[in-house]
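Summary of the model geometry
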Amino acid sequence: MEQTNYVSYLRQSTKKQSLSNLGIEAQREIIQKYLGQIKPIAEFVETESGKKTDRPKLAEALDLCRKTKSTLIVAKLDRLSRNVAFTSKLLESDVEIKF
């Protein structure tokens, strides 16, 4: 059985959350618990509103997934986006996404 490679994407909304790093650490723990012994090949962290669709780090993560045929892993759906249309578009893209 072929092992899947994962690229993790972690998002926090505010600079204040960035300073505490608690949100990112919690997301990292959720992802690592899911993956077990598997380590993501890369991790992308972004500080951006969940309503925004212009996300440079998310774009980089998706691009790496395409190049390496990896699955994007996100701790929770709301960490990917709070914009339903944007989320739907991402889920229908050519990159597999797991939550």
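Here's what I pulled together on the structure shown here. Note that this is a predicted model, so its numbers are computed, not measured.

**Quick notes on the overall build of the protein chain**
In terms of regular secondary structure, the protein chain is built from 5 helices and 4 strands. Moving toward the C terminus, one meets the helices and strands of the protein chain in the order β-α-α-β-α-β-α-α-β. A burial count over the protein chain gives 35% of its 99 residues as buried. Partitioning the intrachain contacts of the protein chain with sequence separation of at least 6 by distance along the chain shows that 67% fall at a separation of at least 24.

**So, the sheet that holds strand 3 (residues 71–74)**
As summarised here, the arrangement of the 4 strands in space is 2-1-3-4, forming an open sheet in which the pairing is parallel. Only two strands of the sheet have a single neighbouring strand rather than two, namely strand 2 (42–47) and strand 4 (97–98). By the bridge criterion, 6 bridges tie strand 1 (residues 6–12) to strand 2 in an arrangement that is parallel. Across the sheet, Val-7 pairs through a bridge with Ala-42, a residue of strand 2. Its contacts with the sheet put helix 3 (residues 56–68) on strand 1, strand 2 and strand 3, and the angle it makes with strand 2 is roughly 160°.

**Here we look at the environment of Asn-83**
Relative to the assigned elements, Asn-83 resides in the loop between helix 4 (77–80) and helix 5 (84–91). Separated by 33 residues in sequence, Asn-83 and Gly-50 place their C-alpha atoms 6.9 Å apart. Other than its neighbours up to four places away in sequence, Asn-83 contacts Gly-50, Lys-51 and Thr-53. Polar side-chain contacts of Asn-83 include one of 2.9 Å to the backbone nitrogen of Phe-86.

Rules behind the numbers
- Residues numbered from 1 in each chain as written.
- Predicted model: local features only at pLDDT ≥ 70, side-chain atom pairs only at ≥ 80, totals over all residues.
- Heavy atoms only, no water.
- Helix = DSSP H or I, 4+ residues; strand = E, 2+ residues; numbered from the N terminus.
- Buried < 20%, exposed > 50% of the residue type's maximum accessible area, 1.4 Å probe, protein only.
- Contact = heavy atoms within 4.5 Å.
- Pairing = 2+ DSSP bridges.
- Axes fitted to C-alpha atoms, helices over the stretch in contact; angles between N-to-C directions.
- Polar contact = N/O pair within 3.5 Å; in protein donor to acceptor, adjacent residues only side chain to side chain.

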